[in-house]
Amino acid sequence: MVDQSKIGTDWQPDELDAIVEDYFAMLRDELAGRPYVKSHHNAALREKIGRTAGSIERKHMNISAVLIELGLPHINGYKR
């Protein structure tokens, strides 16, 4: 469930830890050729941290952007 009080606020360290952990779990699956469903991960994060689906999607895209900039593997579905 989305916590309305978080909309427009900075992400907290525990939220950042959760989304980075989730991103790398999906990346491990992708690199290993295991199927995963991004929307399921997004829904689980919404439940865990209370951010909106769009906010989570953008944060995953930001993580990919950093990895791309560094020349590292990234999730193809989160390219900008």
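Per chain, residue numbering runs from 1 following the sequence as it is written. Residues qualify for local features only when their pLDDT is at least 70, as the model is predicted, and side-chain atom pairs are given and counted only at 80 or more; totals for whole chains, interfaces and linings, by contrast, use all residues. Hydrogens and water molecules were not included; the side-chain quantities draw on all heavy atoms of the structure.

For salt bridges, the criterion is a side-chain nitrogen of Lys or Arg within 4 Å of an Asp or Glu carboxyl oxygen. Applying the stated rule across the entire model yields two salt bridges. Arg-51 is paired through a salt bridge with Glu-15; the nearest N and O atoms lie 3.0 Å apart. Linking Arg-51 in the loop between helix 2 (38-49) and helix 3 (53-69) with Glu-15 in helix 1 (residues 13-32), this pair joins segments that are 36 residues apart in sequence. Pair check on accessibility: Arg-51 and Glu-15 agree, each one buried. For the salt bridge of Arg-34 with Asp-29, the shortest nitrogen-to-oxygen distance reads 2.9 Å. Secondary structure elements follow DSSP: runs of H or I no shorter than four residues count as helices, runs of E no shorter than two count as strands, and numbering proceeds from the N terminus. We call a residue buried when its accessible area falls under 20% of the maximum for its residue type, exposed when it is over 50%, and partly exposed in between, using a 1.4 Å probe and counting protein chains only.

Structurally, the position occupied by Asp-22 is in helix 1. Buried Asp-22, no salt bridge; nearest opposite-charge side chain is Lys-48, N-O distance 8.2 Å. Only heavy atoms matter for contacts: two residues are in contact if any of them lie within 4.5 Å across the pair. Sequence-distant contacts of Asp-22, defined by excluding residues within four places in its chain, comprise His-41, Leu-45 and His-60. The convention is simple: Lys and Arg are positive, Asp and Glu are negative, and His and the chain ends are not counted.

Right, let's get into the side chain of Asn-42. Following the sequence through the fold, Asn-42 ends up in helix 2. Sequence-distant contacts of Asn-42, that is, excluding residues within four places in its chain, are made with Ala-53, Ile-56 and Glu-57.

Moving on, we get to the packing of aromatic side chains. Pairing of aromatic side chains requires ring centres within 6.5 Å, counting the rings of Phe and Tyr and the six-membered ring of Trp. Pairs whose planes differ by under 30 degrees are stacked, by over 60 edge-to-face, and all others tilted. Counted according to the given criterion, the structure contains two aromatic pairs. Ring centres 5.5 Å apart and planes at 75 degrees place the aromatic pair Tyr-23 and Phe-24 in the edge-to-face group. Between Tyr-23 and Tyr-78, the ring centres sit 6.3 Å apart and the planes meet at 35 degrees, which makes this aromatic pair tilted. Taken as a pair, Tyr-23 in helix 1 and Tyr-78 in the segment after helix 3 lie far apart in primary sequence, 55 residues in all. The exposure class assigned to Tyr-23 is buried, which follows from its relative accessible area of 0%. Grouped by ring-pair contacts, the aromatic residues Tyr-23, Phe-24 and Tyr-78 constitute a single cluster. When the NZ atom of lysine or the CZ atom of arginine is within 6 Å of a ring's centre and also within 35 degrees of its normal, the charge is said to sit over that ring. The ring of Tyr-78 has Lys-38 sitting right over it, with the charged end atom 4.3 Å from the ring centre.

For the rest of this paragraph, the subject is a nonpolar patch on the surface. Together, Val-66, Leu-70 and Leu-72 line one region of the surface with nonpolar side chains, adding up to about 290 Å² of accessible area. Relative to the helices and strands, Leu-72 is located in the segment after helix 3. By definition, no residue in a patch forms a salt bridge, and every one has over 30% relative accessible area; like charges are joined within 9 Å, nonpolar side chains (Val, Leu, Ile, Met, Phe, Trp, Tyr) within 5 Å. Every accessible area reported is derived by Shrake-Rupley at a probe size of 1.4 Å, with residue values counting cover from the shown protein chains alone.

Before going further, it helps to examine the packing of helix 1 against helix 2. To get an axis, a line is fitted to the C-alpha atoms, and for a helix only the part in contact is used. The angle between two axes follows their N-to-C directions and goes from 0 to 180 degrees. Where helix 1 meets helix 2, the closest approach of the two axes is 11 Å, and the angle between their N-to-C directions is 160 degrees. If you check the angle between helix 1 and helix 2, you find them roughly antiparallel. The crossing of helix 1 and helix 2 is right-handed. Contacts between helix 1 and helix 2 involve Glu-15, Ala-18, Ile-19, Asp-22 and Met-26 from the former and Lys-38, His-41, Leu-45, Lys-48 and Ile-49 from the latter. Oblique is the label for any angle not under 35 degrees, not over 145, and not in the 65 to 115 range, which are roughly parallel, roughly antiparallel and roughly perpendicular in turn. It is the rotation of the near helix from the far one that decides the hand of a crossing: anticlockwise by less than a right angle makes it left-handed, clockwise makes it right-handed.

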